[in-house]
Amino acid sequence: MDEHTAHEEHADHGYLHNKNKEAYLKRLKRIEGQVRGLQRMVEDEAYCIDILTQVSASTKALQAVALGLLDEHLGHCVAGAVQAGGDEADEKLAEASAAIARLVRS
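Here is what the cut-offs are and how they apply
Residues numbered from 1 in each chain as written. Predicted model: local features only at pLDDT ≥ 70, side-chain atom pairs only at ≥ 80, totals over all residues. Heavy atoms only, no water. Helix = DSSP H or I, 4+ residues; strand = E, 2+ residues; numbered from the N terminus. Buried < 20%, exposed > 50% of the residue type's maximum accessible area, 1.4 Å probe, protein only. Contact = heavy atoms within 4.5 Å. Axes fitted to C-alpha atoms, helices over the stretch in contact; angles between N-to-C directions. Parallel < 35°, antiparallel > 145°, perpendicular 65-115°, else oblique. Left-handed = near helix turned anticlockwise from the far one by under 90°. Nonpolar A, V, L, I, M, F, W, Y, C, P; charged D, E, K, R; others polar. Expected span 1.5 Å × (residues − 1). Bend = angle between axes of the 7 residues up to and from the residue. Patch = residues over 30% accessible without salt bridge, like charges linked within 9 Å, V, L, I, M, F, W, Y side chains within 5 Å. Areas by Shrake-Rupley, 256 points an atom, 1.4 Å probe, with all protein chains shown as cover. Salt bridge = Lys/Arg side-chain N within 4 Å of Asp/Glu carboxyl O. Lys, Arg positive; Asp, Glu negative; His and termini not counted. Charge placed at Lys NZ, Arg CZ, Asp CG, Glu CD. Arc of directions from axis to C-beta.

## Quick notes on the overall build of the protein
A count of helical and extended segments in the protein gives 5 helices and 0 strands. Listing every helix and strand of the protein by position from the N terminus yields α-α-α-α-α. Counting across all 106 residues of the protein, residues that qualify as buried make up 18%. Considering only contacts in the protein between residues 6 or more positions apart, those separated by 24 or more positions represent 56%.

This is the structure we're talking about:
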């Protein structure tokens, strides 16, 4: 399955269904600004602890986005697949489990 086909197959995402797309985009743009600030801090040779503090804040902000997306995925995509049953349920549960494992390792 190519990337385009995979995108079409998963076109009804929970965050789109719940109209949260704009909120996620707003949060990600804010994080992007934080990361640009980090680049400026390094360029300006800011105090290391100050940079690390901002790295931590950016990391936490990204984790909050990830947890929100995961919550919506479980509540929408996985729940729907479980109701439908069969192979799709098994695939969605395995996919969610793998995503959780990646988040825990990060």
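## Description of the side chain of Ser58
Relative to the assigned elements, Ser58 resides in helix 4 (residues 48-84). Residue contacts for Ser58: discarding those within four places in its chain leaves Gln34 and Leu38.

## Description of the packing of helix 4 against helix 5 (residues 86-105)
In the contact formed by helix 4 and helix 5, the axes pass within 8 Å of each other and the chain directions differ by 165 degrees. What the angle tells us is that helix 4 and helix 5 run roughly antiparallel. The chirality of how helix 4 crosses helix 5 is left-handed. From helix 4, Ala66, Leu70, His73, Leu74, Cys77, Val78, Ala81, Val82 and Ala84 reach across to helix 5, where they touch Gly86, Glu88, Ala89, Lys92, Leu93, Glu95, Ala96, Ile100 and Leu103. Residues belonging to the contact of helix 4 with helix 5 are distributed by class as follows: 13 nonpolar, 2 polar and 3 charged.

## Considerations on the environment of Thr53
Tracing the backbone shows Thr53 in helix 4. As a C-alpha pair, Thr53 and Leu38 span 15 residues in sequence and 10.0 Å in three-dimensional space.

## Focus: helix 4
The first and last C-alpha atoms of helix 4 sit 52 Å apart over 37 residues, in line with the 54 Å expected at 1.5 Å per residue. Maximal helix bending in helix 4 amounts to about 35 degrees, located at His73. The set of residues buried in helix 4 consists of Ile51, Ser58, Val65, Gly68, Leu70, Glu72, His73, Cys77, Val78 and Ala81. Looking one or two residues past helix 4, Gly85 carries a phi angle of roughly 75 degrees, positive in sign.

## Description of a negative patch on the surface
Taken together, the side chains of Asp87, Glu88, Asp90 and Glu91 define an acidic patch exposed on the protein surface. The class of Asp90 is exposed, set by a relative accessible area of 52%.

## Focus: helix 5
In this model, helix 5 (20 residues) spans 29 Å end to end at C-alpha, consistent with the 28 Å of a helix rising 1.5 Å per residue. Restricting attention to buried positions, one finds in helix 5 the residues Ala89, Lys92 and Ala96. Buried positions in helix 5, seen along its axis, are confined to an arc of 70 degrees and lie on one side of it. Across from the buried face of helix 5, at angles greater than 90 degrees, the exposed residues are Asp87, Asp90, Glu91, Arg102 and Arg105. Contacts made by the buried residues of helix 5 are with helix 4.

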